[in-house]
Amino acid sequence: MAYTLTCADTGAACPGSFTTDGRDELVEHVMLHAKHAHPELAGNPDMGAMVESLIKQV
Ligand SMILES: [Zn+2]
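Just so you know, these numbers come straight off a predicted model, no measurement behind them. (Residues numbered from 1 in each chain as written. Predicted model: local features only at pLDDT ≥ 70, side-chain atom pairs only at ≥ 80, totals over all residues. Heavy atoms only, no water.)

**Student:** When you look at the pairing of strand β1 (residues 3-6) in this model, what are you seeing that I'm missing?
**Tutor:** It is a general feature of regular strands that their side chains alternate between the two faces of the sheet. Pairing of β1 with strand β2 (residues 17-20), which is carried by four bridges, proceeds in the antiparallel orientation. Bridged to T4 within β2 is T19. Direction of pairing for β1 relative to strand β3 (residues 56-57): antiparallel, over a ladder of two bridges. Its bridge partner lying in β3, T4 is registered against K56. (Pairing = 2+ DSSP bridges. Helix = DSSP H or I, 4+ residues; strand = E, 2+ residues; numbered from the N terminus.)

Right under this line is the structure:
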């Protein structure tokens, strides 16, 4: 069981895709990535909820 999030699902033109064994770990990776690659998203108060809604279990 793993968790995955594809950056393009946020609507961003970004090839980023993340897969981890832990849900918290995935959120951490995505947040770090967002800070560097998508500062406009990282500053959005809805970012956390958006990330949660885009996490898929594989
Ligand atoms: Zn991205």
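That shown, we press on.
**Student:** For this particular structure, what's the right way to read the sheet that holds β3?
**Tutor:** Pairing between the strands of a sheet is mediated by backbone hydrogen bonds and can be parallel or antiparallel. Spatial strand order, β2-β1-β3: three strands in an open sheet with antiparallel pairing. For this open sheet the edge positions go to β2 and β3, each flanked by a neighbour on one side alone. Here helix α1 (residues 23-37) sits on the sheet and contacts β1 and β2; the angle it forms with β2, its principal contact strand, is near 155°. (Contact = heavy atoms within 4.5 Å. Axes fitted to C-alpha atoms, helices over the stretch in contact; angles between N-to-C directions.)

**Student:** It is not clear to me how helix α3 (residues 47-54) should be interpreted in this structure. Could you clarify?
**Tutor:** Residues spaced three or four apart along an α-helix face the same direction, because each turn holds 3.6 residues. M47, V51 and L54 are the residues of α3 that are buried. Projected onto a plane normal to the axis of α3, the buried residues spread over an arc of 70° and lie on a single side. Exposed positions of α3 whose direction lies more than 90 degrees from the buried face are A49 and S53. In the core, the buried residues of α3 are packed alongside β1, α1, α2 (39-42) and β3. (Buried < 20%, exposed > 50% of the residue type's maximum accessible area, 1.4 Å probe, protein only. Arc of directions from axis to C-beta.)

**Student:** Just checking my understanding: could you explain the nonpolar core for this structure?
**Tutor:** Here is a general trend for soluble globular proteins: nonpolar side chains tend to be buried in one another's company. Judged by nonpolar contacts, Y3, L5, F18, L26, V27, V30, A34, L41, M47, V51, L54 and I55 together constitute the single largest core of twelve residues. Contributing elements (two or more residues each) for this core: β1, α1 and α3. When neighbours within four sequence positions are excluded, V51 is seen to be in contact with L5, V27, V30 and M31. (Core = buried A, V, L, I, M, F, W, Y, C linked by side-chain atoms within 4.5 Å.)

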